[in-house]
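# Observations on the model geometry
Residue strings, one per chain:
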Amino acid sequence: MELMKLTALELGRKIKEKEISVEEAVSASFARIHECENTIHAFVSLNEEKAIEDAKAAQSRIDSGELTGPLAGVPVAVKDNICTGGMKTTCGSRMLYNFVPPYSAEAVRNLERAGAVILGKTNMDEFAMGSTTETSWFGPTLNPWNEDLVPGGSSGGSCAAVAAGETFYALGSDTGGSIRQPSSFCGVTGMKPTYGTVSRYGLIAYGSSLDQIGPVAKDTADCAAILEVLASHDTKDSTSVPRKDCNFLQALTGEVRGMRIGIPSDYLGEGLDESVKKAVLAGAQVLKAQGAEVEFFSLGMVEYAIPAYYVIASAEASSNLSRFDGVKYGYRTKEYGDLHEMYKKSRSEGFGPEVKRRIMLGSFVLSSGYYDAYYLKALRTKALIKQAFDRAFEKYDIILGPAAPSTAPAVGESLSDPLKMYLGDIYTVSVNLAGLPAVSVPCGFDEKGLPIGLQMIAGCFEEKKLFRASYAYEQARGRWELPFYGRKSDRGENR
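Scoring rules and cut-offs
Residues numbered from 1 in each chain as written. Predicted model: local features only at pLDDT ≥ 70, side-chain atom pairs only at ≥ 80, totals over all residues. Heavy atoms only, no water. Axes fitted to C-alpha atoms, helices over the stretch in contact; angles between N-to-C directions. Helix = DSSP H or I, 4+ residues; strand = E, 2+ residues; numbered from the N terminus. Parallel < 35°, antiparallel > 145°, perpendicular 65-115°, else oblique. Left-handed = near helix turned anticlockwise from the far one by under 90°. Contact = heavy atoms within 4.5 Å. Nonpolar A, V, L, I, M, F, W, Y, C, P; charged D, E, K, R; others polar. Pairing = 2+ DSSP bridges. Expected span 1.5 Å × (residues − 1). Buried < 20%, exposed > 50% of the residue type's maximum accessible area, 1.4 Å probe, protein only.

The geometry of helix H9 (residues 302-320) relative to helix H12 (residues 371-395) is characterised by a closest axis approach of 9 Å and an angle of 125° between their N-to-C directions. In terms of their interaxial angle, H9 and H12 are classed as oblique. Relative to H12, H9 is oriented so that their crossing is left-handed. In contact with Tyr304, Ala305, Ala308, Val311, Ile312 and Ala315 of H9, H12 contributes Tyr374, Tyr375, Ala378, Leu379, Thr381, Lys382 and Ile385. Here the contact of H9 with H12 is composed, by residue class, of eleven nonpolar, one polar and one charged.

Our focus in this paragraph is the sheet that holds strand S4 (residues 170-174). Taken together, eleven strands build an open sheet; the order of strands is S1-S3-S2-S4-S6-S5-S10-S11-S9-S7-S8 and the sheet is mixed. The open sheet has two edge strands, strand S1 (43-46) and strand S8 (293-297), and neither has a second partner. Adjacent strand axes in the sheet meet at a mean angle of 30°, parallel and antiparallel pairs treated alike. Two elements, S4 and strand S6 (residues 212-217), share five bridges in a ladder whose sense is antiparallel. Looking at the pairing, Asp174 lines up with Gln212 of S6. Across the sheet, helix H8 (residues 274-289) touches strand S7 (260-264), S8, strand S9 (398-402), strand S10 (438-445) and strand S11 (451-457), and the angle it forms with S11 is around 55°.

In this section: H12. For H12, with 25 residues, the first-to-last C-alpha span of 36 Å sits near the 36 Å given by 1.5 Å per residue. Regarding H12, the residues found buried are Tyr375, Ala378, Thr381, Lys382, Ile385, Ala388, Phe389, Ala392 and Phe393. Along its buried surface, H12 packs onto S8, H9, helix H11 (353-365), S9, helix H14 (429-434) and S11.

Bringing the packing of helix H2 (residues 22-36) against helix H3 (residues 48-63) into the picture now. Contact geometry for H2 and H3: axes closest at 8 Å, N-to-C directions at 155°. Viewed along their axes, H2 and H3 adopt a mutual orientation that is roughly antiparallel. Crossing of H2 over H3 shows right-handed handedness. When H2 is examined against H3, the residues Val22, Glu23, Val26, Ser27, Phe30 and His34 are found in contact with a partner set consisting of Glu48, Ala51, Ile52, Ala55, Lys56, Ala58, Gln59 and Ile62. Split into classes, the residues belonging to the contact of H2 with H3 amount to eight nonpolar, three polar and three charged.

Quick look at the structure:
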């Protein structure tokens, strides 16, 4: 258990100094997974036998001096919409229940080149459509802080696995807050990079103009190190951007004196829980005490973010998911008369209710007569939202606000009201529409002892500013305790 409390960088150092072997770290991870999975259900598949083999291979490469990176030999979990060659990749859906991709995503290949050992695939909302990890065909994931609550979504499995101490870090994907919102609910640090920084090759598409792979970890330093490994220019992805300076660990100076931080007053109005507002403003005061300049401003366009996002994301989803037809791979209905009936029954039985809802919405807004009224209007709104952020970043280095309007809700509470679930993304979707980098870092607790996430947003390709501010906040806040540490804190007894 003590080993699982280490951050990814701490473990990497101990492996390099031969205090811990890679095999010991992998075995400890699986011991913890088997201890937790009957209740938490963060994983949908495990890679146990091959992971032990990979651990031995990584250890050999480390001992020979071939692997020298800070994360060499550190175990990782991967969200189940990111392709892993020879290992099932299901997207949490019946439609892909038996799909084994013949190739790995570029992000996974980058991790393997750095010596990472993949423990398994984490649970998620079906095709990343949801905010609670309850829409998965494999059943819901539960929150390690309180098993009556959801972990958030769609990367809820990855965030819950880190919070429960089942893995040292994980990969998630973020289309409209799918890393940052569950990171807030689970009390971990989750980061969405600038669009184009991490290759989308091998990420099963939901909204192609919005999706981005990112890290989930115990702290900012881990996220910076992971992003250094993930960031690369990939000719297989036409949206991949070549970046010259990806030495993100250099930004962890702990110094924010003179940094300009803006808090949108639009983010602090109706719908925000008072405990979340209090924790976010307290986080701002911590940065101000360290010499940052903090002020409130009006961002604008906030009320249009949710409708614009769901029109664009659903439109792209209806196009992307048309490839799942029961012909080439995945689920196919057992009884059908002709080809048309096979398509219809395979898709009806293979997709869950939330995925069908978004496919139907997307098909509607792309249809003749409604394309101009909805889809084109949403694209224009997206451009205006990007302009609003551009104006803000002319004045501020960082925009600060909540990651979610509340702490984690109870299991079953959100699915009964999809519109309420969609509105829970109000503080995160604008970041994806504008292609910006953002991070959620734990900043406190509500009156029930549940974690709250502080969201920091930077301009495009300004990850270093983001990590600098987030790291400085963490240094002032002190080391964050996760529920499996088994120690008391100001929120009461850890479960």
